[in-house]
Amino acid sequence: MNLSLCDIVPPLRWTAPSQVEPIASDPGLPDAWWQALPIDRACAAVGTAQVASRLADLTAACWSHLILGDILPLLRFTHPRESLQTPGQRERVHAIFTEVLERLLATEHQPEQAPAAAVPPAVPERPLPEIIDEIFAELDDRQRAIARDRLYADPSQPGEAGQRATLDELAQRFSVTRERIRQIERDLREHVEQWLTTPQAAPLTAHLSWLRSRLGSAAPIDDLAAAVPWHRTELTTLGIPAWRFVRSLLTGYEQVDGWLVAGGAEELREKTRQLFADGPKPLEEAVSMVAQLGIREDVAERWLGSIPQLRVLGGHVVPWPRNLADKVEAVLSVASAPLSPEEIQERIGEDHSAAGIRTQLTSDQRFIRLDRNKYGLRRWGGEEYLGIREMIVREIERAGGEAPVNAIVDRITSRYDVSESSVRAYAGGPGFERTQRGWIRVAQQEPAEPYHPRRDVSLTRRCFRSRDGRWWHRIDVNAEHLRGSGSPLPTGFAAYLGMSPGGQLTAAAAWGGVVISWHNQPTIGSIRPLLAECRAKEGDHVFLTVSDGKLLTRFLPAAAPTLPPLNQALHLIGYTAPVASEADGLRLIGARIGLPEGATREQILERLRERGDRDILQHFT
């Protein structure tokens, strides 16, 4: 016998050797034996069952999307029924392959017989669309309409053109019952299946075998239409392009979101996602990885781009999480260079504001500011950019306490995107002083007095005191908070936290550090992780404060509109227990806004007006 396994198993010829080698290699056979060694010698060396076992392993690992007849075409003659099925249990597949190989080897030892009559050519002279039309030539108009509008409808077409006719619609159109339509549909399927077993169908079945090997595990639906020119030819009998009929014969494939997928589409998507569980991969490597799933290299990038939770980005394939901070990390990981919030926003390409991204960059410990408007990943290392004044202080400390202005300007402007004039302006401003030799040093300052805001925290809207004496601020959740943006804080509450203009405070939270900064006005970074964990919606409330360096929070869903006005007012100060009377409720509100015990109703309402808590006041008018 002068046949190798490659000669009788076509998929071995187009499957990448890197996929075949680990599975098919055998210690009792030479390298690449499936190409170089005749089958009879391979079977003699390790046994027919062992060769069949290697073939069964390859089938399970690489060709589970193909029907058995496309893997081992000899099955169409030895096991016609099984040849039309996709691989099932490995034991059954192994047994079938073993039987076929044994029968093939047995023919080598049979005496020669007179040559059989010549087999007619497989491909007829007539075009395949004409042959397909013969299937439907004898059908009546009703049968053709059911075939066209139901059996061979194209769900990829937009609007009504892609809608598959329902049984009710067809029953009404032809004035028959739904069951009669169902019976005609069943008869049509049987008619086609029976025709496929005839000699006239041989050219089409050969084409289907080639088509399966071309499509692989997944292919765009337009790939099927463009596979050969005659696929777009309109069938005279049905008035549809031929590929729509051909698609119905590709058993084992399902059409999902513009793709033909062998087996389960979601299963193949999940297998694809798992390939990138360890992080981003270069696109070239990613294409090779998905080829192991049976996806052709020329459509691999499109397949990767169609998978939810994956993104093709900057020549890499990256896991694409839902959390904004994780997306920012993915973008920076692929870029491998510092980026501005605006550049990150452009690469993410979703409904996230640059301000929200900046908040993530400043509040999450994974990120570090490396220039005036550039951020990177902390794991890269590098010196953190702190602002011009702070950079001047750092250079002075490195120089031993004083340094020439020109040297400071050169060092800072050569490393950071800041102008010389800005550095000189800061160096000559408050906080620095000249030494006797004309250099500068950090000015000796008297201890700063505590900042006194215009309004004390007790006079600040949406701030409430708990029984333990701590003041909390209420944030009313809106769409910006849900998208990850930060939130302004009242100056009275920021001063209560010990802050002053120009200061910054980082509070520890369960999801990482949250930065509270005071530039033009106090601002707290994103609390989106908390909102996501609580499944918050617009109108819900978050009460927060900082104690011992930790951010303390309490989530409170919006009050039900059916609550009595007094209870709705108490809900806004964070109190949800029932109260006996309005007097008790007002007493609670008075205590929460810093009034002494015994304050009158008028004093409490007046304090609410002074603070600006109109949302609470409206429930007492």
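Numbers given for residues are sequential positions, taken from 1 along each chain in its written order. Whole-chain, interface and lining totals are the exception, using all residues; otherwise, since this is a predicted model, local features are given only for residues with pLDDT of at least 70 and side-chain atom pairs are given and counted only at 80 or more. Heavy atoms from the whole structure form the basis of all side-chain values; hydrogens and water molecules are not counted.

### Examining the nonpolar core
For step 1, the next point in the chain: The biggest cluster of nonpolar side chains holds 43 residues, and the ones touching the most others in it are Phe136, Tyr152 and Phe245.
For step 2, the next point in the chain: Per the convention used, a helix needs a DSSP run of H or I reaching at least four residues, while a strand needs a run of E reaching at least two, with both numbered from the N terminus. If you list the elements that add at least two residues to this core, you get α11 (128-136), α12 (141-151), α13 (167-174), α14 (178-196), α15 (202-215), α16 (221-225), α17 (242-248) and β3 (259-262).
For step 3, the next point in the chain: Each nonpolar core is a collection of buried residues, namely Ala, Val, Leu, Ile, Met, Phe, Trp, Tyr and Cys, held together in the definition by side-chain atoms within 4.5 Å. Each residue's exposure class comes from its accessible area (1.4 Å probe, protein chains only) as a fraction of the maximum for that residue type: buried when under 20%, exposed when over 50%, partly exposed otherwise. Listed in part, the 33 residues of the second largest apolar core include Val9, Trp33, Leu58 and Ile96.

### Describing the confidence of the model for the protein
Note: predicted coordinates in regions of low pLDDT should not be interpreted at a detailed level.
For step 1, the next point in the chain: A residue's pLDDT is the confidence the predictor assigns to it, expressed on a 0 to 100 scale. Overall, the prediction assigns the protein a mean pLDDT of 87, with 95% of residues at 70 or greater.
For step 2, the next point in the chain: Two residues form a contact once any of their heavy atoms are found within 4.5 Å. Scored below 50 in pLDDT, residues 110-124 shows 4 contacts in the model against residues more than four places distant or in partner chains.

### A look at the packing of aromatic side chains
For step 1, the next point in the chain: The criterion for an aromatic pair is that two Phe, Tyr or Trp rings (for Trp, the six-membered ring) have centres within 6.5 Å, with stacked assigned to planes under 30 degrees apart, edge-to-face to planes over 60 apart and tilted to the rest. Counted by the stated rule, this structure contains 8 aromatic pairs.
For step 2, the next point in the chain: Considering the side-chain rings of Phe464 and Phe543, the 6.4 Å spacing of their centres and the 55° angle between planes classify their relative orientation as tilted. Of the two residues, Phe464 is situated in strand β11 (residues 463-465) and Phe543 in strand β17 (residues 541-547); the sequence distance between them amounts to 79 residues. Per residue, the accessibility class of Phe464 equals that of Phe543, and both read buried.
For step 3, the next point in the chain: Among the aromatic residues, those joined into a ring-pair cluster are Phe136, Tyr152 and Phe245.
For step 4, the next point in the chain: Over the aromatic face of Trp320 sits the side chain of Arg311, whose NZ or CZ is 4.2 Å from the ring centroid.
For step 5, the next point in the chain: Seen from the ring of Trp439, Arg437 lies directly overhead, with NZ or CZ sitting 3.6 Å from the centre. Comment: the charge-over-ring label is applied if NZ (Lys) or CZ (Arg) is within 6 Å of the ring centre and within 35 degrees of the ring normal.

### With respect to empty space enclosed by the protein
For step 1, the next point in the chain: The pocket and cavity definitions rest on a 1 Å grid over protein atoms only: a 1.4 Å probe that fits but cannot leave marks a cavity, an open set with protein on both sides within 12 Å along at least five of seven lines marks a pocket, and residues lining either have an atom within 4 Å of a point. Grid points are joined across faces, edges and corners, and a volume is the space filled by probe spheres set on the points. Tallied over the entire structure, the rule returns 1 cavity of 30 Å³ or more.
For step 2, the next point in the chain: In this model, the largest cavity occupies a volume close to 30 Å³.
For step 3, the next point in the chain: Lining of the largest cavity is provided by Leu324, His352, Ser353, Gly356, Ile357, Glu480, Arg483 and Ser485.
For step 4, the next point in the chain: Of the residues assigned to the lining of the largest cavity, the class counts are 2 nonpolar, 4 polar and 2 charged. In this count, Pro and Cys sit with the nonpolar residues alongside Ala, Val, Leu, Ile, Met, Phe, Trp and Tyr, while Asp, Glu, Lys and Arg are called charged and the others, Gly among them, polar.

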